[in-house]
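# Overview (structure and organization)
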Amino acid sequence: MHIPGRRNFIKNAVVLAPFLTLFPSQLSAKTGVRLRVAFIGAGPWGRGYMVHALAHPDMEVRAVAEYDEAAVKEVLKLFRQSGAIQPDLYVDGPQSYQQLLLRKDIDAVVIATPWNRHYEIAAAALCAGKHVACGPVMGTTLAEHWDIVHLSEQTGRQYVTLDEHSCQRELMAVSEMVSQGVFGTLETVYAGARHYLPEDLSAASPYPVYPAAAAAKMLGASKGNRFVSLSVQHETQEYVISKPHVRTGEPLHIFTRGPVHTICLTTAGKQTLWLQQERGNDLPVSMGFRIKGTQGAWMNLTRSLHITGKSDPSFQWERDRDYLEQYDAPQWQEAGSECAVALQQFIRILKAGPEKELPVYAAATNSIIGPLSLLSAQQGGAVIRFPDFSNGKTAS
């Protein structure tokens, strides 16, 4: 069932709709043109982005496809609170998004459904001429990832991952420091990944690791320094767990050792990214996020860094606060939250187009880490060649 919003009662809008399809270069706040968006799925994650979309001057949420009654009620509440025009609703069931995609007055869709439906919906949206902003899972197989890459190339529509975890303020500031050579040439990146490989590998999900996208950006994966191999190692390692203080309840970081899975990725420039995985939902583990370069290092758990020639020559670490403030990302100053920053990045891509390569390549690179890590684990930690999505070369 399609429940029209108030907008559809405006006759002129109906008449003009087929002629108003926007191209990325036409999106400009200066001209008053807004990106016309539909949300497919409106659970908690989707509504988290919807709040910022409703408040954004360059976005207009026109339609929502969601068949859960409780979620629909929450959506309507958000629209009332924001003062926005009520959206058209598509509530007939899991396939109701198909009717929505036929509309000519929708420029882009935000896919916020469960991960196992992302590929199906994203492929249909690209074929319908819509730009796509989606949760981190692109697909569950390598073939599905290639399908989305090729569809984006062939249709000219952009596919962007909304990954708020990689938009953390400190990570964006450190990424800017890396790009300006503060740490010299980056050698290794360590991250505590929110990704779980159970003992029963058949029960594993393809959900990607966090914040792999932030690490890939620091390593310059989109600038030719692509990942070339991946393997999963299962061994006793040091890791950090968070436990509440017995009196205050404040979280404490406790270093310990135990058997964990770690994803090891190597780049064309011989750098290494280590992604330490969780040991199940009852015991999340982390190495924190830390980087090491030829001229310095940074660790978020201790909120400290060392810069050769600037920090204490005896290699004592110093607090990172002043550096993080100096290199604070302008996007954070404008948007003020991780979801808002991720959404703003999507809008900027549609306004200006990708700088050097399609954003779908970075999205596919981030998404495929989960499935490839499962494949490596199933083969006893075998080294898997990483696909080069930007050059049309698959892993073998």
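Residues numbered from 1 in each chain as written. Predicted model: local features only at pLDDT ≥ 70, side-chain atom pairs only at ≥ 80, totals over all residues. Heavy atoms only, no water.

Counting its secondary structure elements, the protein contains 12 helices and 16 strands. In the protein, which comprises 396 residues, the share counted as buried stands at 52%. Pairs at least 24 residues apart make up 68% of the contacts formed inside the protein by residues separated by at least 6 positions. Accessible surface for the protein amounts to roughly 18600 Å². Of this, 53% is attributable to carbon and sulfur atoms. (Helix = DSSP H or I, 4+ residues; strand = E, 2+ residues; numbered from the N terminus. Buried < 20%, exposed > 50% of the residue type's maximum accessible area, 1.4 Å probe, protein only. Contact = heavy atoms within 4.5 Å. Areas by Shrake-Rupley, 256 points an atom, 1.4 Å probe, with all protein chains shown as cover.)

Despite not being glycine, K270 has its phi angle at roughly 65°, a positive value. Here K270 shows up in the loop between β10 (251-267) and β11 (272-278). You can call K270 exposed: its relative accessible area is 76%. Of note in the backbone geometry, R303 takes a positive phi value of approximately 50° without being a glycine.

With that out of the way, let us pick up the nonpolar core. Most often, soluble globular proteins have nonpolar side chains that are buried together. Among the nonpolar cores identified, the biggest contains 67 residues, and V109, V132, Y159, F183, L265, F289 and I291 are the most heavily contacted of them. If you tally residues by element for this core, the top one is helix α12 (residues 359-378), at 8 residues. Those residues in contact with F183 that sit more than four places away from it in its chain are V174, M177, V178, I291, G293, T294, Q295, G296, A297, W298 and I307. In this structure, M50, A53, V75 and A108 belong to the second largest nonpolar core, which totals 33 residues. (Core = buried A, V, L, I, M, F, W, Y, C linked by side-chain atoms within 4.5 Å.)

This part covers the environment of A212. Structurally, the position occupied by A212 is in helix α8 (residues 212-219). When the C-alpha positions of A212 and G192 are compared, they lie 9.4 Å apart, and in sequence the two are 20 residues distant. Those residues in contact with A212 that lie beyond four places of it in its chain are S166, L275, N366 and I369.

Mapped onto the fold, E60 is located in strand β3 (residues 59-65). According to the relative accessible area criterion, E60 is buried, its value standing at 17%. One polar contact links E60 to R62, side chain to side chain, over a distance of 3.3 Å. (Polar contact = N/O pair within 3.5 Å; in protein donor to acceptor, adjacent residues only side chain to side chain.)

Moving on: the pattern of salt bridges. Considering all chains together, one arrives at 12 salt bridges under this definition. Among the salt bridges present, the one from E74 reaches K77, with a minimum N-O distance of 3.5 Å. Residue E74 and its partner K77 are located together in helix α3 (residues 69-82), separated by 3 residues, close to a single helical turn. Two residues, R103 and D88, come together in a salt bridge whose shortest N-O distance is 2.6 Å. (Salt bridge = Lys/Arg side-chain N within 4 Å of Asp/Glu carboxyl O.)

To continue, consider the packing of helix α2 (residues 44-55) against helix α11 (residues 338-352). At their nearest, the axes of α2 and α11 sit 9 Å apart, and the two run at 65° to each other. In terms of orientation, α2 lies roughly perpendicular with respect to α11. Here α2 and α11 pass one another in a crossing that is right-handed. Contacts from G48, Y49, H52 and A53 in α2 reach C339, A340, A342 and L343 in α11. Class assignment for the residues of the contact of α2 with α11 results in 6 nonpolar, 2 polar and no charged. (Axes fitted to C-alpha atoms, helices over the stretch in contact; angles between N-to-C directions. Parallel < 35°, antiparallel > 145°, perpendicular 65-115°, else oblique. Left-handed = near helix turned anticlockwise from the far one by under 90°. Nonpolar A, V, L, I, M, F, W, Y, C, P; charged D, E, K, R; others polar.)

All chains considered together, the criterion is met by 4 aromatic pairs. When the centroid spacing of 4.8 Å and the interplanar angle of 55° are considered together, the rings of W45 and Y49 count as tilted. Within this pair, W45 and its partner Y49 are both found in helix α2, separated by 4 residues, close to a single helical turn. (Phe/Tyr/Trp six-rings, centres within 6.5 Å; stacked < 30°, edge-to-face > 60°.)

Turning to the pairing of β10, a few remarks are in order. As paired strands, strand β9 (residues 227-244) and β10 are joined by 17 bridges and run antiparallel to one another. Bridged to H234 within β10 is H261. Counting the residues in the hairpin turn of β9 and β10 gives 6 residues, including G249, whose phi is positive at 80°. (Pairing = 2+ DSSP bridges.)

Let's shift gears to the environment of Q233. Of note, Q233 is situated in strand β9. Its relative accessible area of 24% is what places Q233 among the partly exposed residues. Residues Q233 and A377 lie 144 residues apart in sequence; the distance between their C-alpha atoms is 7.9 Å. For Q233, the residues in contact, after removing those within four places along its chain, are V260, H261, T262, C264 and W274.

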